[in-house]
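The chain contents come next:
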Amino acid sequence: MRTTARHIWLILLTAVAFPAYSQTLSLDSCYEKARRNYPLIRQYDLIAKSEEYNVSNASKTYLPQVSLTGIAGYVIKGLPVTNPSGEEPDKFQLIGLGQINQTVWDGGATHAQKEIARADAAAERAQTDVGLYALHGRIDQLYFSILLLDEQQKQLALLKENMNRNLNAVSLSAENGYALTTDVNEVKVELLKIDQRITEADYTDAGYREMLSLMIGEKITDQTVLEEPTVIALSAEPEIKRPELSLYQFQQQQSAARLSLVKSGNMPKVGLLGAAVLIEPGMALGPEKINTLALAGLSISWNTGALYKSSNEKQLEKIRSETIKTRMDEFVFNTRLENSKQQSEISKQQAIIEKDRQIVALRSDIRKGYELKFKNGLCNMNDLIKATNNESESLIEMNTHQLQLLMNMYAFKTSTGN
């Protein structure tokens, strides 16, 4: 028994000396953690590696290109050749061909291919940015939903406290014969209803916290405190800084790079050429016998087939560029339209909250008045319950409107990319 008692005292002292750790999260930290936790983040490394390989492959155009060919077989029929030695020429023939080409100038094709590889990688990174930025809206919804439920739970706890105070008062009155048992039961019913609402809020809150935990890759319990974001100042005409705009710009760079490749296809290609031929056992050409032959020189090639399609390809790239610009203009227009709607909603909520404060003050005075009336026997318990519920509902509505205002402010901030 002494050992058990000693352990209990140690536990109590430890609990006092080291209070339970309460984790705190902010909205910005949730953004960052969700970004690091989201599988799409791995796409950046893959894009970087692909870009490196594509640029490296394009650079290899200027490396010497070597080709070797060997031919072995029997001569079935050839040109009539007089062999000086009078011997029958050997029917088995081995021919080796070797060629080396060194590109000197490819008309700008390699440079264009490198630019296309870089533009493609930049566009893919921008597309990844867009996908990750979309997490902000999902985090906002979960984060503010939890804050709203936490506030409702606080107000329900306050309502329960007031209702318990009423229960104590009416129970005492019933014991002294100044109130009916039905009045006591009325208060108990209201307390059960409050418990139902608390239970519902608890389960809903736990569900949202679990979803937010999955988003940020970190366990969020009912002990985790979510910081309420501060009210932010909003510009009437904010600059739009969404990652979608960067995506459209990189897509236009892709189109410009492809146009450079089209232009390079119309240019001639210049290179150095070396070739060697080995013939075994040799070929007799009159009095001479040839075993090897080598040559070197400058090679120039020009494929004029690209000229026929060049004009159409340029027009197609111009159309693609205009299409991208049209999509970008549409995106900006729709975003500004959404911003205007959000600003109107924010102004409306600010006006409503001013009325909420007045209503809460009046409801509080009314509830206090009914408590005094009930003590003096001037009203029944139903009147006091109604007044208490009305005060609680007005507080919940005001706090709900305040959090909705914050949520719309941050939705506006996310929508503009600021």
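Please read all numbers here as calculations on a predicted model, not as lab measurements. (Residues numbered from 1 in each chain as written. Predicted model: local features only at pLDDT ≥ 70, side-chain atom pairs only at ≥ 80, totals over all residues. Heavy atoms only, no water.)

Asker: Got a minute to help me understand the overall build of the protein chain in this structure?
Answerer: Each helix and strand counted, the protein chain has 9 helices and 6 strands in total. In the protein chain, which comprises 418 residues, the share counted as buried stands at 32%. Within the protein chain, counting contacts between residues at least 6 apart in sequence, those at least 24 apart form 84% of the total. Accessible surface computed for the protein chain: about 26,300 Å², of which carbon and sulfur atoms make up 57%. (Helix = DSSP H or I, 4+ residues; strand = E, 2+ residues; numbered from the N terminus. Buried < 20%, exposed > 50% of the residue type's maximum accessible area, 1.4 Å probe, protein only. Contact = heavy atoms within 4.5 Å. Areas by Shrake-Rupley, 256 points an atom, 1.4 Å probe, with all protein chains shown as cover.)

Asker: I'm lost on the side chain of Asp140 in this one. Help?
Answerer: Here Asp140 lies in helix α5 (residues 135-175). Buried within the structure, Asp140 lacks any salt-bridge partner; its nearest side chain of opposite charge belongs to Lys413, at an N-O separation of 8.1 Å. For Asp140, the residues in contact, after removing those within four places along its chain, are Leu27, Tyr31, Tyr410, Ala411 and Thr414. (Lys, Arg positive; Asp, Glu negative; His and termini not counted. Salt bridge = Lys/Arg side-chain N within 4 Å of Asp/Glu carboxyl O.)

Asker: Is there a simple way to explain a nonpolar patch on the surface in this structure?
Answerer: Residues Leu272, Leu298 and Ile300 make up a contiguous nonpolar surface patch of roughly 320 Å² in combined accessible area. Tracing the chain through its elements places Ile300 in strand β6 (residues 288-301). Judged by relative accessible area, Ile300 falls into the exposed class, the value being 61%. (Patch = residues over 30% accessible without salt bridge, like charges linked within 9 Å, V, L, I, M, F, W, Y side chains within 5 Å.)

Asker: I tried to follow the pattern of salt bridges on my own but got confused; where do I start?
Answerer: Note on pairing: side chains with opposite charge can pair once their charged atoms come close. Counted by the stated rule, this structure contains 18 salt bridges. For Glu371, the salt bridge is made with Arg165, and the minimal N-O distance between the two is 3.3 Å. Taken together, the positions of Glu371 in helix α8 (residues 305-375) and Arg165 in helix α5 put the pair 206 residues apart, joining distant regions of the chain. Residues joined by salt bridges that share partners form a network here, namely Arg165, Arg367, Glu371 and Glu391.

Asker: Help me understand the nonpolar core in this model?
Answerer: The tendency in soluble globular proteins is for nonpolar side chains to be buried side by side. The biggest cluster of nonpolar side chains holds 28 residues, and the ones touching the most others in it are Leu27, Cys30, Ile139, Tyr143, Leu212, Ile216 and Tyr410. Listed by contribution, the elements that provide at least two residues to this core are α2 (27-37), α5, α6 (181-216), α8 and α9 (381-416). Among the elements that line this core, the one with the most residues is α5, at 7 residues. Apart from residues no more than four positions distant in its own chain, Leu212 is found in contact with Cys30, Ile139, Leu142, Tyr143, Ile146, Ile220 and Leu226. Ranked by size, the runner-up nonpolar core spans 16 residues in total, among them Leu156, Ile194, Leu384 and Ile396. (Core = buried A, V, L, I, M, F, W, Y, C linked by side-chain atoms within 4.5 Å.)

Asker: What should I look at first to understand the packing of aromatic side chains in this one?
Answerer: The description of two aromatic rings rests on the distance between their centres and on the angle between their planes. Taken as a whole, this structure holds 3 aromatic pairs when the rule is applied. Note on Phe144 and Tyr410: the rings are 6.0 Å apart at their centroids and 45 degrees apart in plane angle, and the pair reads as tilted. Within this pair, whereas Phe144 is found in helix α5, its partner Tyr410 is found in helix α9, the two being separated by 266 residues in sequence. Each of the two residues, Phe144 as well as Tyr410, counts as buried. Among the aromatic residues, those joined into a ring-pair cluster are Tyr143, Phe144 and Tyr410. (Phe/Tyr/Trp six-rings, centres within 6.5 Å; stacked < 30°, edge-to-face > 60°.)

Asker: I keep staring at α9 and nothing clicks. Help me out?
Answerer: Given 3.6 residues to a turn, an α-helix orients residues that are three or four positions apart in the same direction. In a regular helix each residue adds 1.5 Å, so 36 residues correspond to 52 Å; α9 covers 52 Å between its end C-alpha atoms and thus fits that length. Where α9 begins, the capping side chain belongs to Asn380, and its oxygen is found 3.2 Å from the backbone nitrogen of Asn382. (Expected span 1.5 Å × (residues − 1). Polar contact = N/O pair within 3.5 Å; in protein donor to acceptor, adjacent residues only side chain to side chain.)

Asker: What should I look at first to understand the packing of helix α3 (residues 43-59) against helix α4 (residues 109-133) in this one?
Answerer: In a packed pair of helices, the relevant descriptors are the angle between the two axes and the axis-to-axis distance. Running from N to C, α3 and α4 point in directions that differ by 175 degrees, and their axes come no closer than 8 Å. Here α3 is positioned roughly antiparallel relative to α4, judged by the angle of their axes. The segment α3 lies against α4, with Gln43, Tyr44, Ile47, Glu51, Asn54, Val55, Ala58 and Ser59 engaging Thr110, Gln113, Lys114, Ala117, Arg118, Ala121, Glu124, Arg125, Thr128, Asp129 and Leu132. In terms of residue class, the contact of α3 with α4 is made up of 7 nonpolar, 6 polar and 6 charged. (Axes fitted to C-alpha atoms, helices over the stretch in contact; angles between N-to-C directions. Parallel < 35°, antiparallel > 145°, perpendicular 65-115°, else oblique. Nonpolar A, V, L, I, M, F, W, Y, C, P; charged D, E, K, R; others polar.)

Asker: Which parts of the structure should I look at to understand α2?
Answerer: Those residues of α2 lying buried are Leu27, Cys30, Tyr31, Lys33 and Ala34. For α2, the elements touching its buried residues are β1 (24-25), α5, α6 and α9.

Asker: What should I look at first to understand the confidence of the model for the protein chain in this one?
Answerer: One rule of thumb: low pLDDT means the predicted coordinates there are not for detailed reading. This prediction gives the protein chain a mean pLDDT of 80; 81% of its residues lie at or above 70. Across the protein chain, element-level confidence peaks in α2 with a mean pLDDT of 91 and bottoms out in helix α1 (residues 2-17) with 44. (pLDDT = per-residue confidence, 0-100.)

Asker: Where do I start with the environment of Asn57 in this structure?
Answerer: Position of Asn57 relative to the elements: it lies in helix α3. Taking the C-alpha atoms as reference points, Asn57 and Gln113, 56 residues apart in sequence, are found 9.3 Å from one another.

Asker: Before we go on, may I ask you to explain the side chain of Thr400 in this structure?
Answerer: When you line up the elements, Thr400 lands in helix α9. Residues within four places of Thr400 in sequence aside, it is in contact with Leu148 and Gln152.

Asker: Explanation requested: the packing of α4 against α5 in the structure shown.
Answerer: The interhelical angle for the contact between α4 and α5, taken along N-to-C directions, is 10 degrees, at an axis separation of 5 Å. If you check the angle between α4 and α5, you find them roughly parallel. Where α4 abuts α5, its residues Gly131, Leu132 and Tyr133 lie against Leu135, His136 and Gly137.

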